[in-house]
Amino acid sequence: MDLENGTVRDKMKSCRGIIFDLDGTLVNTLEDLADSVNEALEKMGFPVWQTDDYRLKVGRGFRNLMENSVPEEFREDAGVIGQMLEYFVAAYDRRYLDKSRPYEGIGELLDELAAGGIFLAVNSNKRTDYTERLVAKLFPQVPFVGVFGEREGVPKKPDPAGALELCARMGLEPGEVIYAGDSNTDIQTGKNAGMETIGVSWGFRGAEELRRSGASYIAEKPSDISGIIFREN
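Owing to the predicted nature of the structure, the values given are computational and were not obtained by experimental measurement.

1. Things to note about the side chain of Ser183
Here Ser183 is to be found in the loop between β7 (177-181) and α8 (184-192). On the accessibility criterion, Ser183 (8% relative accessible area) is buried. Those residues within four positions of Ser183 in sequence are excluded, and the remaining contacts are Arg205, Glu209 and Leu210.

Right, here's the structure in full:
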């Protein structure tokens, strides 16, 4: 566990809630996403990418993923992006649970936090229907107060709207909630919401991006998160 800001312990109120990103934080969804985008690219006659190439492409919603996966000359072509989305969603709907699994230790972490009276929530840029399905299938026992994905009329992360809505559901102030995720987008979301942040180094982006983003803490394994939260209480 890496404490990035030595003054956090003094500034932060007792932590009573945590909001998690989904992809790359709770669940490793990279292979199913990569396989689905590559199927769409093949149908369009475009070259495909290696699975690891998608680590830097995911996290900002499906349309952005399509725009960052097609050849550069097509990235602003609405017709191409629309067709890519259609092919991708059809592919992802078949396989979104083929290889996606919680990271080792995540189930135990969520159970420990819930047993300790910590409010739990999920805030993702993945489309809401897939976010809800993945969480319901992989974490049926976890009492999340809210599971949010990309929703019409609500700006995507790093806008703090979703995080603040979840905070209100918890009945907490932002200073009582930690935001946890694996990317710069997540750290900025937490900051924009007035929350302390935990960057998880096991996800799609790695510790260096999280440090550059100014994460309050870096967690190297899920058990580090419970150590951070219960130490603060």
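Structure's up, so let's keep going.
2. What to know about empty space enclosed by the protein
Summary: where empty space remains is shown by rolling a probe the size of a single water molecule over the atoms. Evaluation of the coordinates by the stated rule reveals 2 cavities of 30 Å³ or more. Its volume calculated, the largest cavity comes out at about 210 Å³. Of all the secondary-structure elements, those providing two or more residues to the lining of the largest cavity are α3 (62-67), β5 (119-127) and α8. Among the elements that make up the lining of the largest cavity, the one with the highest residue count is β5 (3 residues). Split by residue class, the lining of the largest cavity holds 5 nonpolar, 6 polar and 9 charged. Volume-wise, the second largest cavity comes out at about 80 Å³. Taken together, 13 residues line the second largest cavity, and the ones lying closest to its centre are Asn123, Gly149, Val154, Pro155 and Lys156. Of all elements in the fold, only β5 and β6 (146-150) reach the threshold of two or more residues within the lining of the second largest cavity. The residue inventory of the lining of the second largest cavity, partitioned by class, reads 3 nonpolar, 5 polar and 5 charged.

Quick notes on the rules
Residues numbered from 1 in each chain as written. Predicted model: local features only at pLDDT ≥ 70, side-chain atom pairs only at ≥ 80, totals over all residues. Heavy atoms only, no water. Helix = DSSP H or I, 4+ residues; strand = E, 2+ residues; numbered from the N terminus. Buried < 20%, exposed > 50% of the residue type's maximum accessible area, 1.4 Å probe, protein only. Contact = heavy atoms within 4.5 Å. 1 Å grid on protein atoms, 1.4 Å probe; cavity = no way out; pocket = protein on both sides within 12 Å on 5 of 7 lines; lining within 4 Å. Points joined across faces, edges and corners; volume = space filled by probe spheres on them. Nonpolar A, V, L, I, M, F, W, Y, C, P; charged D, E, K, R; others polar.

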